[in-house]
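Observations on chain architecture
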Amino acid sequence: MYLNYIAVLLFWLGALAPAIAQQTATFTDANKPYQEALSLYRVQQYRAAMVLFEDAQATSNDDNIKANSAYYLANAAIRLHQRGADSAMESFVKQYPTSTKRNAAFLDVADYYFDTGKYPYALKWYKKVDQNTLSRSDLERFNFNTGYAYYSSNRPDQAEQYLGKVSNSPKYGSQAKYYLGYIAYEQDDYDGANARFDQITDPAVLEEKMTYYQADLNFKLGNFKKAIAMAERQLAKSNRKEISELNKIIGESYFNMKQYDQAIPHLQLYKGKRGRWNNTDYYQLGYCYYQQGDFESAIGQFNKIVDGTNAVAQNAYYHLAECYLKLDQKTEALNAFRNASQMAFDPAIEKDALYHYARLSYEQGNPYESVPEVLGGYLKKYPSDDKEQELKELLVDSYITSKNFEGALELLESNRQYGDEATYQKVTFYRGVVLFTEAQYKEAFNLFEKSLKATPDPDFGARAWYWSAEAEYAQGHFDKALNRFKKFQAHPSASNVKEHEKADYQVGYCHFKQKQYAQAEPAFASAVKVPGLPTAIRTDALMRLGDCQYVTSDYRAAMAAYAEAAEIKGPHQDHARLQSAMCHGFLGNTDAKITALRKFLNENPSSTLQDDALFELGNTYVKYNKEAEGLQAYETLLSNFGQSSFAPKALLRQGLVHYNANRNERALEKLKGVVDRYPDGEEAQQAAATVKMIYVDMGQVGAYASWAKGKDRLQVTDAELEEASFEAAERQYIEGNNDKAIAGFETYLKEFPEGPRSTKANFTLAQLYFTKGQKDEALPKYQVVADRGTSEFTEQALTRVCEIYVGKSDLTSALPFLDRLEGSAEIPQNRTFAQSNLMKTYYDKKDYQKTLTYAEKVLKADNIDDRIKADAQIMIARSAIEIGNMELAETAFAAVVTIAKGEVAAEAWYYDAFFKNRNYDFEASNASVQKLAQDYAGYKKWCAKGLIVMAKNFHALEDAFQATYILESVMDNFSDFPELVAEAKGELALIRSKEAERNASVSPEGN
């Protein structure tokens, strides 16, 4: 039976075969190009397919094949990205409006662009689709794809419209809810997002995409424990970027739960947005370290917030300051508190930071603002604060500690509630001392009087008596000064204060200046016995003691005092030895005197008293009939010391010796030499009188008259009138009638400008003007005396001329007088004064080698005070910098810091910091800048320069916050110094550039 069925089947197949073969051949021949093209299209051989579709479209008579070929041609062109492909598809739709592929064409192209991720192109074609012609499944796909395309094109509102239509679709529902939830998530609608995510049931969607976002959502909703659990579950299956973000979620969740120890490792693993941390990231990790007591690590994070201007930054700077305080880094804390105090995001932090900034400014000094300004700023901003009284007291004390006694006095006198009587007593006293050092003696005296009226502290009362006496003494009121020194000595607290050791010495000088030698002697005798009296003062007291005894003819006692002074190796040694030699003479020991004088000359070849000794030696030889030796001594003096005040005296003595020995011609030679070489001295008048006597003795009166007529300053007529005019003025001077004396001397000089006493008149008049403070009137009188050659007034006149020009800062005019003074001064202090100012003059002229030469001369002088030493060292240091000798400059500035005061000290401390920075000793350099800020805040230029060095130090120490903050502060607070602001800007740009490079290259795990 099975075989019968086979036979029947074969029969039918055989019968039908010719017909079937005939139909297939006919169909295939007509549609072959189309079918082959379709086969190639389906295997994505679009170029080859297009050739056959074009052939089929051209050869086929079937409209359906023509339409389909046009459809596939347009599709292939789209897939090959050919120009005009979209137009081809549009043409197909227009040309074949009845084609079954018309609506499918738009959807197919849109789906193609969707599948290739070209969502804007996909949206263009989805908009052309007639949704009414789509099947249910196609419509769902259409809605989902359109919604996702809008989502991917950042058009969430349109995306929600389409995705919402398929949110309940079995196929697309979970995906649609995911994207709808994510849209809500990105719009910070966390509740809406959470609701969408909770509706997702597709395990694949949940597994792949949901856990990360649910962790973040729970974090943002404050469900920190749930966020931690979800994030930890997701870590193992996440990529590198998600691992970083998940660690941030975990770390910040622990942070918000105040579990700082658990937060730290996760915050460290966060990589930042685009590989960079922001200020909040640094703050959170820093705060965790802060809460754990790891202040070093906390600082390492907080100080990376260099440009913060929000509440996070204010908090960070405040806690950074606290960390610095915990580590006793008060300078750094001051900067951080200042930064926090300048932000108003949290008023409580702003206020507390300002309070700490003010306190630290008082304790440490402030390089940006004066400490009184900071304290006063707090009191002004927060009046009636519970810290008001504390800060008021600190305010006054800050003026005192910063040595701004003028400011303190203004504050106290405008509002006494800022300080009590004891404070007022102290401030008036110290302000008086400052004015005294500035030579404003009258003003200083008035303040000492105010201090005396405020009596809480007896020690300051005693000191006020002492310094008021010094002020009187400095004004030449020696009797008033004496009275006050004695009141000081009688004060119960006198022995408690340091001034006590100098009181006897000053009492001695008050008597000495009034030529009360008998009364001065016991005072000096008492002074030399005071324990601890500075060596220079004790030596001077011994000299004055000897002088008093010398004047009162107690020569043996004077010799003992001089001998003791000579044993002290110092500037008075040669004077003491010379005076001892003189005492031998008064005691009748002529040979001992001569021996002592000759020994003095041999052992003290560089002494300024060589001319004194030679003159006295010549006198002694002549007196004891050793004429030749005496004349030789005078000649040596004239040869070696022609500008000495003893030179005219020596030449006169030579003339007189020859006259007494009847050697008239030799006598006339010497005596005329006195008149010619020294016409302005009294010796010239005596020499002229003797010349007259010699000519009279020789019977050559005519020769005398001829000689005298050629001498401008020899008055052979009206002598009595000239003398009377001078004596009238001098009498007023002696009696203390200074105004009448000035008028008298002016009258004398008007009538006798070249009179024999005109030099003395000019000098006395200059002294009177100078004492009254009329230096412009005194100057020309001193110049007349200085320009007339050697006289007893020459050195003092030269000194005054130099002093006045220097006081006017006219060093160019002073220069020739300073040169003359250095070459002729017999008093060491005057020579040092000249050398010191020559040093400054040459520095101003940029002649640095001469500056160095004179500075070395100044430093070699004996018994100079610290101010002069500091001036010399600063000149050496500045000149060394100018010529590039940094080693010499460093050594000189190191010496300056130990002795300088005022602005010179500020400069020295700056360079101390500068050189320590240069030597990579950054912390020590910072300490020097802090010293500069604390003690010399008033010298803004040096503070600003010091701050720039400090910024460099902090950057080298990897504290970017301190470095940038300090430089920004320089830019904000020192606009008076544009060159320093420009330097700070350049340094800040450099630091920020380096920090940006470092932050980009250093892994956040190292944060």
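Values in this document were obtained by computation on a predicted structure and should not be read as measured data. (Residues numbered from 1 in each chain as written. Predicted model: local features only at pLDDT ≥ 70, side-chain atom pairs only at ≥ 80, totals over all residues. Heavy atoms only, no water.)

**Observations concerning the overall build of the protein chain**
A tally of regular secondary structure across the protein chain gives 53 helices and zero strands. Here the analysis covers contacts within the protein chain between residues at least 6 apart in sequence; of these, 52% occur between residues at least 24 apart. When the accessible area of the protein chain is evaluated, it comes to approximately 48500 Å², of which 49% is carbon and sulfur surface. (Helix = DSSP H or I, 4+ residues; strand = E, 2+ residues; numbered from the N terminus. Contact = heavy atoms within 4.5 Å. Areas by Shrake-Rupley, 256 points an atom, 1.4 Å probe, with all protein chains shown as cover.)

**So, the nonpolar core**
F302, F337, F524, F745, Y782 and L932 are the most contacted members of the largest nonpolar core, which has 219 residues in total. Beyond its immediate stretch of four places on either side in the chain, F745 contacts F726, A729, E730, Y733, A761, T764, L765 and L768. Counting residues in each nonpolar core, the second largest holds 54 residues, with L38, I78, Y126 and L134 among its members. (Core = buried A, V, L, I, M, F, W, Y, C linked by side-chain atoms within 4.5 Å. Buried < 20%, exposed > 50% of the residue type's maximum accessible area, 1.4 Å probe, protein only.)

**Brief notes about the side chain of S361**
Along the chain, S361 turns up in helix 19 (residues 347-364). Look at S361 and you get buried, because its relative accessible area is 0%. Within polar-contact distance, the side chain of S361 engages the side chain of N366 at 2.9 Å. If we ignore the near neighbours within four places in the chain, the residues touching S361 are L334, N366, V371 and V374. (Polar contact = N/O pair within 3.5 Å; in protein donor to acceptor, adjacent residues only side chain to side chain.)

**Brief notes about the packing of aromatic side chains**
Within the structure shown, the criterion is met by 64 aromatic pairs. Where Y378 meets Y382, the ring centres are 5.0 Å apart and the plane angle is 50 degrees; that geometry is what we call tilted. The buried category is assigned to Y378, whose relative accessible area is 1%. By relative accessible area, Y382 is classed as buried at 15%. Ring centres of Y920 and F922 lie 6.1 Å apart, and the angle between their planes is 85 degrees; this geometry places the pair in the edge-to-face category. (Phe/Tyr/Trp six-rings, centres within 6.5 Å; stacked < 30°, edge-to-face > 60°.)

**Some remarks on helix 6 (residues 119-126)**
Among the residues making up helix 6, those that are buried are Y119, A122, L123, W125 and Y126. When helix 6 is viewed along its axis, its buried side chains cluster within an angular range of 165 degrees and face the same direction. (Arc of directions from axis to C-beta.)

**Focus on the side chain of H266**
Take H266: it is sitting in helix 14 (residues 260-269). Accessibility expressed as a relative area gives 17% for H266, which makes it buried. Apart from the residues within four sequence positions on either side, H266 is in contact with N247, I250, G251 and Y254.

**Considerations on the environment of K952**
Structurally, the position occupied by K952 is in helix 51 (residues 940-956). Here K952 falls in the partly exposed class, since its relative accessible area comes to 30%. The spatial distance from the C-alpha of K952 to the C-alpha of S925 is 10.0 Å, given a sequence separation of 27 residues. Aside from chain neighbours lying at most four places away, what touches K952 is N917, E983 and E987.

**Quick notes on the packing of helix 13 (residues 240-256) against helix 15 (residues 279-291)**
Two elements in contact, helix 13 and helix 15, have axes whose closest approach is 11 Å; the angle formed by their N-to-C orientations is 50 degrees. By the criterion of interaxial angle, the relationship of helix 13 to helix 15 is oblique. As helix 13 packs across helix 15, the resulting crossing turns out to be left-handed. When helix 13 is examined against helix 15, the residues K248, E252 and F255 are found in contact with a partner set consisting of D281, Y283, Q284, Y287 and C288. (Axes fitted to C-alpha atoms, helices over the stretch in contact; angles between N-to-C directions. Parallel < 35°, antiparallel > 145°, perpendicular 65-115°, else oblique. Left-handed = near helix turned anticlockwise from the far one by under 90°.)

**Topic: the pattern of salt bridges**
Between side chains of opposite charge, a pair can form when the charged atoms approach closely. What the rule picks out here adds up to 36 salt bridges. The partner of E390 in a salt bridge is R359, with the nearest N and O atoms 2.7 Å apart. Linking E390 in helix 21 (residues 388-401) with R359 in helix 19, this pair joins segments that are 31 residues apart in sequence. Here R538 and E564 are joined by a salt bridge, their closest N and O atoms 2.6 Å apart. Taken together, the residues span a long stretch of sequence, with R538 in helix 29 (residues 535-551) and E564 in helix 30 (residues 555-567) at a distance of 26 residues. (Salt bridge = Lys/Arg side-chain N within 4 Å of Asp/Glu carboxyl O.)

**A short note on helix 52 (residues 960-973)**
For helix 52, which comprises 14 residues, the first-to-last C-alpha distance of 20 Å matches the rise-based estimate of 20 Å (1.5 Å per residue) to within 8%. Of all 14 residues that make up helix 52, 10 are buried, and the element is covered over most of its length. Every buried residue of helix 52 is accounted for by A960, F961, Q962, A963, T964, Y965, I966, L967, S969 and V970. (Expected span 1.5 Å × (residues − 1).)

**Side note on unusual backbone geometry**
Even without a glycine there, the phi angle at Q44 is positive, about 65 degrees. Inspection of the secondary structure puts Q44 in the loop between helix 1 (2-42) and helix 2 (46-59). At N662, a residue that is not glycine, the phi angle is positive and equals roughly 65 degrees. When its relative accessible area of 66% is taken as the criterion, N662 is described as exposed.

**Notes on the environment of S725**
Of note, S725 is situated in helix 39 (residues 719-734). Along the chain, S725 and F745 lie 20 residues apart, while their C-alpha atoms are 8.2 Å from each other. If we skip the residues at most four places from it in the chain, S725 touches Y748, E751 and F752.

**Looking at the packing of helix 3 (residues 63-79) against helix 4 (residues 85-95)**
Between helix 3 and helix 4, the shortest axis-to-axis distance is 8 Å and the interhelical angle comes to 160 degrees. Taken together, the axes of helix 3 and helix 4 are roughly antiparallel relative to one another. Helix 4 is crossed by helix 3, and the crossing has left-handed handedness. The segment helix 3 lies against helix 4, with A67, A70, Y71, A74, N75, A77 and I78 engaging A85, D86, A88, M89 and F92.

**What to know about the confidence of the model for the protein chain**
The predicted model of the protein chain averages 83 in pLDDT, with 89% of residues at 70 or higher. This stretch, residues 1-28, has a pLDDT under 50; its non-local contacts, to residues over four places away or in other chains, come to one contact. (pLDDT = per-residue confidence, 0-100.)

**Quick notes on the environment of A353**
You can see A353 is positioned in helix 19. Owing to a relative accessible area of 0%, A353 belongs among the buried residues under this scheme. When the C-alpha positions of A353 and M343 are compared, they lie 9.7 Å apart, and in sequence the two are 10 residues distant. The residues contacting A353, other than those within four sequence positions of it, are Y318, F337, A340 and S341.

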